[in-house]
Amino acid sequence: MLGFTSYYFGRKKAYTIQSTNKRLTALPQFYGYYLAIWCAIPAFIIYSLWAIFEPTIVKLLILSDYANQGYLDDELNLIYEKTKALSRGQFTGEVTSLIQTSSEKYLNLRSIAQSSKVVIVLCIIIASVAYAYKRISSNNRTREPVEKFFNAVLFTASLAAILTTVGIVFSLIFQTIDFFKVIPLFDFVFGTHWYPAKAFVRDSSEALDPTMYSDTFGAVPIFAGTFFIAFIAMCVAIPIGLMSGIYLAEYASYKVRQYAKPLIEILAGIPTVVYGFFAALTVGPFLKDIGTAMGLEVSAESALAAGGVMGIMIIPFISSLSDDVITSVPQSLRDGSYAMGATKSETIKKVIFPAALPGIVGSILLGVSRAIGETMIVVMASGLAANLTLNPLESTSTITAQIVVILIGDQAFGDPKTQAAFALGMSLFIVTLCLNIVALRVVKKYREKYE
Amino acid sequence: MRKNGVNMIKISAKNVDVFYGKKQALFNINLDIEENQVTALIGPSGCGKSTFLRCLNRMNDVIDICKVQGEIVINDFNINDKGCDVVRLREKIGMVFQKPNPFPKTLYENISYGPTIHGMAQSKQEMDEIVETSLKKAALWEEVKDRLHEPGTGLSGGQQQRLCIARAISVQPEVILMDEPCSALDPIATAQIEELIDELKKEHTIIIVTHSMAQAARVSQRTGFFHLGELIEHGSTDKIFKNPDNTKTQDYITGRFG
Ligand SMILES: Nc1ncnc2c1ncn2[C@@H]1O[C@H](COP(=O)(O)OP(=O)(O)O)[C@@H](O)[C@H]1O
Ligand SMILES: [Mg+2]
């Protein structure tokens, strides 16, 4: 609010200067921003510092009364907590006179702090605005500081984004390393038995005995399950997604496109949980019934149900990406082909599809990486037992589903079972990262070709 | 086919109107195109030259909102008839565009594209021959004969445009339409294309849209001047440039507007 006011003051002064026929070095708006920044930033800094230090100072002041009376630190802390609780009216225990008085003092201090804070911040605002306002003249530079300020704000934002990502990756890495200190990498990557439940049995007082875990954390069945389900999903998603993409881009009239495109985008916005219970409650039992009717053994939680529904989830993704890619093939190529006497389908098959292929491959890879990272559908529909199977009618499990299984309920940090989740997460991260990098590369190459 | 003086009439446009949606782009165009001659269409931009050119091989079909009325007779057959087979028509009437648009395929595949579609070659050998003759006619063979299997997009602009010409003549069209074929090229490449056009007119009828009057004067025997969707004047290039009947033509030729 004050910022806005000072923006207008700054601009007004600049206009005034301008109207007295002096040339300004920047647009009047810049003077406004300049003043607004001077208004907000010092005050904000002081306010934050105040907010950080106020509780500590108040605590010190209150406890200084009792400092020399031989209380232990813990007791002092207790007194302080009780005081605070009483002041907020949330105290339930017996109110001693000591706490009563200190609570009064606490409230008193707080109100002083409150009002002095307002006064000081206001003073600072006025002082800094006055300083900046004085500095506004026809020839001082406001453009640079303002630009620098925006630069700094944007930089901080991106830095925060990057740092959190890096932090997450590092925590993954360290936990994974810890895991592999107990379980050999070889057993993890090539072992064919995955029973993390076995790790539950361990009594925490027992010493960690690595041999205990042989045949517990062999990740092959989950890797296989993950890729198998993703494969089923892509079998559904690629043909349908691609064909609908081609239809939208080449055949659909403007009207159809106008409605179909947003509709598909809505499909992409359905939460995966919804797909999940669709798979678990509708498709799974349905497949089981059909299978039983045909005399087949079908698990209610089959890889087919999960993969199929996951494929449906990915269809809009592939369809809309390949639509974009095909639409961005230059019209001149189509014209060239039509002018040679090619029909529409010949043109699509022989010119547009090859031209768009890299982009299409890219969108498929992105789709695969989504399929591998998808969690909700598999947790709900594909079962949690890690069978090593290639029968789509049996239940299998995936990396993501296993992470959920492991981390649901109580977990102890530093336990191999918990760390196994990190190791799985790490593998998942590596796979999807590679897929994404390759996909983005391919798409970028494709873009450059038509720039 | 009618005779007109010494030359046969190849294409005859009668009362052609073209609309883009509600907007009329061409008004009652009547124009005869002579066989084995180069006809240049000139006029300020937006006057409908490209639109007229695209009528001749029904390329306006590609644009949803575009409606063409009137008769365009080629080989005694009205191509605006319902019965006209657009695929056959475009086999007979090739087109070269303003911006070189080779397909993102190899040079060889670029040329063999048309013959494959129209089933013109029975064997690999025949196809090789078609590719070679087309490239030779387009004066590109010597430059690219060792790299037939490299992508066509790797050529220079002028080479790409000659590749597109080779692609157009690979199906032995009777007519070649060229829409400002040199506007994206440098003077040397332009000179090469102009030379090529002169060569091609022995076997093909050529219609070229150009914004360069010097080019029209250099390469064409006949010229038509368009202005605001109307064909103002047409006749032999000599007459149009030296002694036009219409003052608008005169003004345009002498550079007073456009
Ligand atoms: N695809 C199109 N949709 C709508 N109007 C068009 C389209 N193409 C051309 N026009 C209009 O038709 C008129 C003639 O265009 P065009 O034939 O391209 O002119 P020229 O080639 O002589 O510069 C112009 O007014 C242009 O705006
Ligand atoms: Mg044009």
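What counts and what doesn't
Residues numbered from 1 in each chain as written. Chains lettered and ligands numbered in written order. Predicted model: local features only at pLDDT ≥ 70, side-chain atom pairs only at ≥ 80, totals over all residues. Heavy atoms only, no water. Helix = DSSP H or I, 4+ residues; strand = E, 2+ residues; numbered from the N terminus. Rg over C-alpha atoms; globule rule 2.2 N^0.38 Å. Buried < 20%, exposed > 50% of the residue type's maximum accessible area, 1.4 Å probe, protein only. Contact = heavy atoms within 4.5 Å. Areas by Shrake-Rupley, 256 points an atom, 1.4 Å probe, with all protein chains shown as cover. Lys, Arg positive; Asp, Glu negative; His and termini not counted. Charge placed at Lys NZ, Arg CZ, Asp CG, Glu CD. Buried area = accessible area lost by both parts, 1.4 Å probe. Salt bridge = Lys/Arg side-chain N within 4 Å of Asp/Glu carboxyl O. Polar contact = N/O pair within 3.5 Å; in protein donor to acceptor, adjacent residues only side chain to side chain. Nonpolar A, V, L, I, M, F, W, Y, C, P; charged D, E, K, R; others polar. Near = heavy atom within 4 Å. Pairing = 2+ DSSP bridges. Axes fitted to C-alpha atoms, helices over the stretch in contact; angles between N-to-C directions. Expected span 1.5 Å × (residues − 1). pLDDT = per-residue confidence, 0-100. Bend = angle between axes of the 7 residues up to and from the residue. Core = buried A, V, L, I, M, F, W, Y, C linked by side-chain atoms within 4.5 Å. Phe/Tyr/Trp six-rings, centres within 6.5 Å; stacked < 30°, edge-to-face > 60°. Lys NZ or Arg CZ within 6 Å of the ring centre and 35° of its normal.

A short note on the overall build of chain B
- The helix and strand inventory of chain B stands at 10 helices and 11 strands.
- In terms of overall size, chain B behaves like a compact globule, its C-alpha atoms giving a radius of gyration of 18 Å where 258 residues would be expected to give roughly 18 Å.
- Once the C-alpha set of chain B is aligned to its principal axes, its extents read approximately 55 × 45 × 40 Å.
- Split into buried and exposed, the 258 residues of chain B put 53% on the buried side.
- Sequence-distant contacts, at least 24 apart, represent 66% of the contacts inside chain B between residues at least 6 apart.
- Accessible surface, chain B: about 11500 Å² in total, of which carbon and sulfur atoms supply 48%.
- On chain B, the mean spot of the 31 positive side-chain charges and the mean spot of the 34 negative ones are 4 Å from each other.

A look at the overall build of chain A
- Scanning chain A from terminus to terminus reveals 15 helices and 0 strands.
- Here chain A holds 451 residues, and the buried ones make up 41% of them.

Quick look at the interface of chain A and chain B
- Tallying the contact residues gives 19 residues for chain A and 23 residues for chain B.
- Between chain A and chain B, roughly 1600 Å² of surface is buried when both sides are summed, and carbon and sulfur atoms account for 66% of that area.
- Our enumeration of links across chain A and chain B arrives at 0 salt bridges.
- At the boundary of chain A with chain B, the tally comes to 5 residue pairs in polar contact (both at pLDDT 80 or more).
- Of the residues forming the side of chain A that touches chain B, the biggest block, 8 residues, is contributed by helix α11 (residues 331-339) of chain A.
- Tallied by class, residues from the side of chain A that touches chain B come to 8 nonpolar, 7 polar and 4 charged.

Digging into the site of ligand 1
All names here are of chain B.
- Within the structure, ligand 1 sits among Tyr20, Lys23, Ala25, Ser45, Gly46, Cys47, Gly48, Lys49, Ser50, Thr51, Ile63 and Ile65.
- Between an oxygen atom of ligand 1 and a main-chain N or O atom of Lys49, the distance comes to 2.9 Å.
- Look at ligand 1: alone it shows 550 Å² of surface, and the protein chains cover 65% of it.
- Contributions of two or more residues to the shell around ligand 1 are made by β3 (23-34) and α1 (49-56).
- Broken down by element, the shell around ligand 1 gets its largest block of residues, 3 residues, from α1.
- Taken together, the residues that form the shell around ligand 1 break down as 5 nonpolar, 5 polar and 2 charged.

Quick notes on the sheet that holds strand β9 (residues 205-209) of chain B
Residue and element names in this part refer to chain B.
- Spatially, 6 strands are ordered β7-β8-β9-β4-β10-β11 in an open sheet, and the strand pairing comes out mixed. In this open sheet, the two strands that pair with only one neighbour each are β7 (93-96) and β11 (230-236). Between one strand and the next, the sheet's axes are offset by a mean angle of 15 degrees, whatever the strand orientation.
- Looking at chain direction, β7 and strand β8 (residues 175-179) are connected through 4 bridges and run parallel. Paired with Ile93 across the two strands is Val175, which belongs to β8.
- Packing of α1 onto the sheet brings it into contact with β4 (38-42), β7, β8, β9 and β10 (222-227), and relative to β8 it is tilted by some 155 degrees.

Some points on helix α10 (residues 303-327) of chain A
- Between its first and last C-alpha, α10 of chain A extends 35 Å over 25 residues, near the 36 Å set by a 1.5 Å rise per residue.
- Across the 25 residues that make up α10 of chain A, a large majority, 19, are buried.

Details of the environment of Thr192 of chain A
Residues and elements named next belong to chain A.
- Mapped onto the fold, Thr192 is located in the loop between α6 (185-190) and α7 (220-251).
- Given the relative accessible area of 38%, Thr192 is considered partly exposed.
- Sequence separation between Thr192 and Ala219 is 27 residues; the distance between their C-alpha atoms is 6.4 Å.
- Residues contacting Thr192, with those up to four places away along its chain left out, are Gly218, Val220, Pro221 and Leu388.

Here's the deal with the environment of Ala216 of chain B
Residue and element names in this part refer to chain B.
- Following the sequence through the fold, Ala216 ends up in helix α8 (residues 213-219).
- For the pair Ala216 and Glu194, spaced 22 residues apart in the sequence, the C-alpha separation amounts to 9.9 Å.
- Not counting residues up to four positions away in its chain, the partners in contact with Ala216 are Ala40, Ile42, Thr210, Thr237 and Phe241.

Re the pattern of salt bridges
- In this structure the tally under the stated criterion is 22 salt bridges over all chains.
- For Lys145 of chain B, the salt bridge identified is with Glu142 of chain B, shortest N-O distance 3.0 Å.

Looking at the confidence of the model for chain B
All names here are of chain B.
- Of all residues in chain B, 97% attain a pLDDT of 70 or more, and the chain-wide mean is 91.
- The element-level mean pLDDT for chain B is lowest in strand β1 (residues 3-4), coming to 53, with β9 highest at 96.
- As scored by the predictor, the complex reaches a pTM of 0.74 and an ipTM of 0.92.

Details of helix α9 (residues 272-293) of chain A
Residue and element names in this part refer to chain A.
- Between its first and last C-alpha, α9 extends 30 Å over 22 residues, near the 32 Å set by a 1.5 Å rise per residue.
- For α9, the principal kink sits at Ala279 and spans about 35 degrees.
- For α9, every residue scored as buried is listed here: Tyr275, Gly276, Ala279, Val283, Gly284, Leu287 and Gly291.
- Of the residues flanking the end of α9, it is Gly295, one or two places downstream, whose phi is positive at about 80 degrees.

Let's talk about the nonpolar core
- Residues Phe188, Trp194, Met310, Ile314, Ile377 and Leu424 of chain A are the most contacted members of the largest nonpolar core, which totals 70 residues.
- Residues contacting Phe188 of chain A, with those up to four places away along its chain left out, are Phe179, Phe180, Trp194, Phe217, Gly218, Ala219, Val220, Phe223, Ala423, Leu424 and Ser427 of chain A.
- Judged by nonpolar contacts, the second largest core, of 38 residues, contains Val38, Val131, Ile176 and Ala189 of chain B.

With respect to the pairing of β4 of chain B
All names here are of chain B.
- Of all 5 residues that make up β4, 5 are buried, and the element is covered over most of its length.
- Note: β4 against β9, 4 bridges, orientation parallel. Residue pairing across strands places Thr39 opposite Ile207, the latter belonging to β9.
- Bridge analysis of β4 against β10 gives 4 bridges, and the strand direction is parallel. The residue of β10 that forms the bridge with Ile42 is Phe225.

Describing the side chain of Gln161 of chain B
- Residue position: Gln161 of chain B is located in helix α6 (residues 157-169).
- Residue classification places Gln161 of chain B among the buried residues on the basis of a relative accessible area of 0%.

Description of the packing of aromatic side chains
Residue and element names in this part refer to chain A.
- All told, the structure shown has 12 aromatic pairs over all chains when counted by the stated rule.
- Here Phe179 and Phe180 contribute two aromatic rings whose centre-to-centre distance is 5.2 Å and whose plane-to-plane angle is 65 degrees, an arrangement assigned as edge-to-face.
- Relative accessible area serves as the criterion here: at 0%, Phe179 is assigned to the buried category.
- Sitting over the face of the ring of Tyr251, Lys344 holds its NZ or CZ atom 5.1 Å from the ring centroid.
- In this structure, Arg370 packs its charged tip against the face of Phe317, placed 4.9 Å from the ring centre.

Let's talk about the side chain of Arg58 of chain B
Residues and elements named next belong to chain B.
- As for its placement among the helices and strands, Arg58 is situated in the loop between α1 and β5 (66-74).
- One polar contact links the side chain of Arg58 to the main-chain carbonyl oxygen of Ile79, over a distance of 2.8 Å.
- Each residue touching Arg58, except ones within four places of it in the same chain, is listed here: Ile79, Asn80, Asp81, Cys84, Val86, Leu89 and Arg90.

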